[in-house]
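# Tertiary structure, described
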Amino acid sequence: MEQKSKDPLHGKRLDAILEELVEYYQGFEELGKQINIKCFTDNPSINSSLKFLRKTDWARAKVESLYLYVLRQKKKAERNKED
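These figures come from a predicted structure and were not determined experimentally. (Residues numbered from 1 in each chain as written. Predicted model: local features only at pLDDT ≥ 70, side-chain atom pairs only at ≥ 80, totals over all residues. Heavy atoms only, no water.)

Turning to the layout of surface pockets, a few remarks are in order. Volume-wise, the largest pocket comes out at about 160 Å³. What lines the largest pocket is simply Pro-8, Leu-68, Leu-71, Arg-72, Lys-74, Lys-75 and Arg-79. Of the residues contributing to the lining of the largest pocket, the split by class is three nonpolar, no polar and four charged. (1 Å grid on protein atoms, 1.4 Å probe; cavity = no way out; pocket = protein on both sides within 12 Å on 5 of 7 lines; lining within 4 Å. Points joined across faces, edges and corners; volume = space filled by probe spheres on them. Nonpolar A, V, L, I, M, F, W, Y, C, P; charged D, E, K, R; others polar.)

So, about the nonpolar core. Soluble globular proteins tend to bury their nonpolar side chains together. Counting residues in hydrophobic clusters, the biggest one holds 20 residues, and the most contacted among them are Leu-21, Leu-31, Phe-40 and Leu-53. Of all the secondary-structure elements, those providing two or more residues to this core are α1 (14-24), α2 (28-34), α3 (38-41), α4 (46-55) and α5 (57-82). Apart from residues no more than four positions distant in its own chain, Leu-31 is found in contact with Leu-18, Leu-21, Val-22, Tyr-25, Phe-40 and Leu-66. (Core = buried A, V, L, I, M, F, W, Y, C linked by side-chain atoms within 4.5 Å. Buried < 20%, exposed > 50% of the residue type's maximum accessible area, 1.4 Å probe, protein only. Helix = DSSP H or I, 4+ residues; strand = E, 2+ residues; numbered from the N terminus. Contact = heavy atoms within 4.5 Å.)

Time to look at the packing of α4 against α5. Put simply, α4 and α5 touch, their axes get as near as 5 Å, and they point 110° apart. As judged from the angle between their axes, α4 and α5 are roughly perpendicular. Residue-level inspection shows Phe-52, Leu-53 and Lys-55 of α4 in contact with α5, the latter providing Asp-57, Trp-58, Ala-59, Arg-60 and Val-63. Residue composition of the contact of α4 with α5, by class: five nonpolar, no polar and three charged. (Axes fitted to C-alpha atoms, helices over the stretch in contact; angles between N-to-C directions. Parallel < 35°, antiparallel > 145°, perpendicular 65-115°, else oblique.)

Set out below in structure tokens:
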């Protein structure tokens, strides 16, 4: 029997993470305020950001960290709705 990974990043593609962050922050402008890197603040697009993030480990780590934070915020919001 296969063990399901508890890592929320397991099996998650970088493009899906980026699209979810752009949606959550309602565009690149707000995302760029959260993570101040040029690919989010200067003529941003999903494709150009993906190219940069795939080559730049520190930037990808920041994006993944922010994604984990957003997942926690969404869970917290869901729990608050239920109460």
